[in-house]
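# Structural characterization, general
The residues making up each chain are set out below.
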Amino acid sequence: MKLGIVGLPNVGKSTLFNAIMQGRAESANYPFSTVAPNIGVVPVPDPRLLALEEMYQPKVVTPAVVEMVDIAGLVAGSSQGEGMGNQFLSHIREVDAIVHLVRCFEDDQIVHVSDSIDPLRDIETINLELAIADLEVVERRLGKVAKANKNTYLYAREPEVLKILQDSLEEGKAARLIEWDSPEDETYANGLQLITTKPVLYACNIGEDGLSEDNPMTAQVRAFAKEENSNAFIICAKIEEEITALSADEKEMFLEELGLEKGGLDRLIAAGYELLGLISFLTAGPKEVRAWTIRNGLKAPQAAGKIHSDLERGFIRAEVVAFDDLERLGSYNKAKEAGLVRVEGKEYVVADGDVILVRFNV
């Protein structure tokens, strides 16, 4: 999973990235303190790995990972080269989903590029720039189609689909919000790799004094996200950055005082998994305990292919036990004796938390 953090300058992107990465993305009180994108990989928090580690005592424990990209601030006119312009937009095209960080707090000490705080205006500014950038892509393709003939179309309905995209983007409407008449039309549109086809998670960055409480600004963002079938959640980037300096016990106590069960990173990753329809299955043995990220709905051979392509090609069967059953009984052998280890074939759809042993031909 590759998530790109976007937003206006000075909304807290680099602060949040620092918290997530425990790294050193530059964070400063002026626009464009980030020029090149900061990129880092973080492990996906998964307590199931700890339980399997105790059970198997493996040499290595390997969590699933998320790649985070801190993309420099966009401004009005970015699609035309304003600010750092098009080079920033190109970075967004490479991610799986967008985390749109929105400033939802007042602070006279932190400048705003528009000199006032208005989350919905800020969202509209970013979304409009992304739509304009996509519109240029669509119009270039329309120009090529106009000079071509039907035999060279990438898709039989290519001109019609491009025109629908053009009309939507000219209105500032994201391509992901279009209700397509057929799956084929949608597949072609998604194949254009437009920025606005990417799913979006709106993150409301609030002040340190209101993490557990809603406010009018976050309520506006939540309502906006709901209208376009996106998700929104509240985070305080500054507090998340401070938490990174705490020990595990101190962090737990601090979150408890704030009335939170999980830190912002855990909630962000969980929201990203839900947004993209991802789950994790597990493999376990004395050599390695590992979590693997796959799309929900993937069948066993394709899931095995995530481990190694040879496992997919030579797939025979999968021996599967639910993690909860394995943890409850304490060992694979006990789970097998209890009849809870299932033998599944090529049509089996992998579930979240499955612990799988793949049998295959070399």
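The following refers to the structure shown. These numbers were taken from a predicted model, which means no experiment stands behind them. (Residues numbered from 1 in each chain as written. Predicted model: local features only at pLDDT ≥ 70, side-chain atom pairs only at ≥ 80, totals over all residues. Heavy atoms only, no water.)

Moving on, we come to the packing of helix α5 (residues 158-170) against helix α6 (residues 183-191). Any two packed helices are characterised by how steeply their axes cross, that is the angle between the axes, and by the distance between the axes. Two elements in contact, α5 and α6, have axes whose closest approach is 10 Å; the angle formed by their N-to-C orientations is 70 degrees. Judged on the interaxial angle alone, α6 and α5 are roughly perpendicular. The way α5 lies across α6 gives a crossing that is right-handed. For the pair α5 and α6, contact is made by Glu 158, Val 161, Leu 162 and Leu 165 and by Asp 185, Tyr 188 and Ala 189, respectively. (Axes fitted to C-alpha atoms, helices over the stretch in contact; angles between N-to-C directions. Helix = DSSP H or I, 4+ residues; strand = E, 2+ residues; numbered from the N terminus. Parallel < 35°, antiparallel > 145°, perpendicular 65-115°, else oblique. Left-handed = near helix turned anticlockwise from the far one by under 90°. Contact = heavy atoms within 4.5 Å.)

Look at helix α4 (residues 119-147) against α5: their axes get within 9 Å of each other, and the N-to-C directions meet at 150 degrees. Taken together, the axes of α4 and α5 lie roughly antiparallel to each other. In this structure, α4 crosses over α5, and the sense of that crossing is left-handed. Between α4 and α5, the residues in contact are Ala 131, Asp 134, Leu 135, Val 138, Glu 139, Arg 141, Leu 142 and Val 145 and Glu 158, Pro 159, Leu 162, Lys 163, Leu 165, Gln 166, Leu 169 and Glu 170, respectively. Split into classes, the residues belonging to the contact of α4 with α5 amount to nine nonpolar, one polar and six charged. (Nonpolar A, V, L, I, M, F, W, Y, C, P; charged D, E, K, R; others polar.)

As a further point, take the pattern of salt bridges. Working definition: two side chains of opposite charge can pair if their charged atoms are close together. Evaluated as defined, the whole model comprises 17 salt bridges. Put simply, Arg 328 and Asp 325 hold a salt bridge, and the shortest N to O gap is 3.1 Å. Here Arg 328 pairs with Asp 325, and both are found in helix α13 (residues 323-329), just three residues apart, close to one helical turn. Among the salt bridges present, the one from Arg 342 reaches Glu 344, with a minimum N-O distance of 2.9 Å. Residue Arg 342 is classed as partly exposed on the basis of its relative accessible area, which comes to 31%. (Salt bridge = Lys/Arg side-chain N within 4 Å of Asp/Glu carboxyl O. Buried < 20%, exposed > 50% of the residue type's maximum accessible area, 1.4 Å probe, protein only.)

Right, let's get into the environment of Lys 299. Its location among the elements puts Lys 299 in the loop between β9 (288-295) and α11 (300-307). Separated by 50 residues in the primary sequence, Lys 299 and Val 349 have C-alpha atoms spaced 4.3 Å apart. Once residues lying within four places of it in the same chain are set aside, the contact partners of Lys 299 are Lys 346, Glu 347, Tyr 348, Val 349 and Val 350. Among the polar contacts made by the side chain of Lys 299, one reaches the side chain of Glu 347 at a distance of 2.5 Å. (Polar contact = N/O pair within 3.5 Å; in protein donor to acceptor, adjacent residues only side chain to side chain.)

Strand order in the open sheet formed by six strands is β2-β4-β1-β5-β6-β7, and the pairing between neighbours is mixed. Taken across any chain shown, the strands that pair with only one partner, and hence form the sheet edges, are β2 (38-43) and β7 (231-235). On average, each strand axis in the sheet is inclined to that of its neighbour by 25 degrees, with strand direction left out of account. Across four bridges, the pairing between strand β1 (residues 2-6) and strand β4 (residues 65-70) is parallel. Its bridge partner lying in β4, Ile 5 is registered against Asp 70. Along the sheet, α4 contacts β5 (97-103) and β6 (200-205); its crossing angle with β5, the most-contacted strand, is approximately 145 degrees. Those strands touched by helix α7 (residues 216-227) are β5, β6 and β7, and its axis lies near 160 degrees from that of β7. (Pairing = 2+ DSSP bridges.)

Between its terminal C-alpha atoms α5 stretches 18 Å, which fits the 18 Å expected from 13 residues at 1.5 Å a residue. Within α5 the residues assigned to the buried category are Glu 158, Val 161, Leu 162, Leu 165, Gln 166, Ser 168 and Leu 169. Viewed along the axis of α5, the buried residues span an arc of 170 degrees, placing them on a single side of the element. The positive-phi residue at the C-terminal boundary of α5 is Gly 172, with phi of around 80 degrees. (Expected span 1.5 Å × (residues − 1). Arc of directions from axis to C-beta.)

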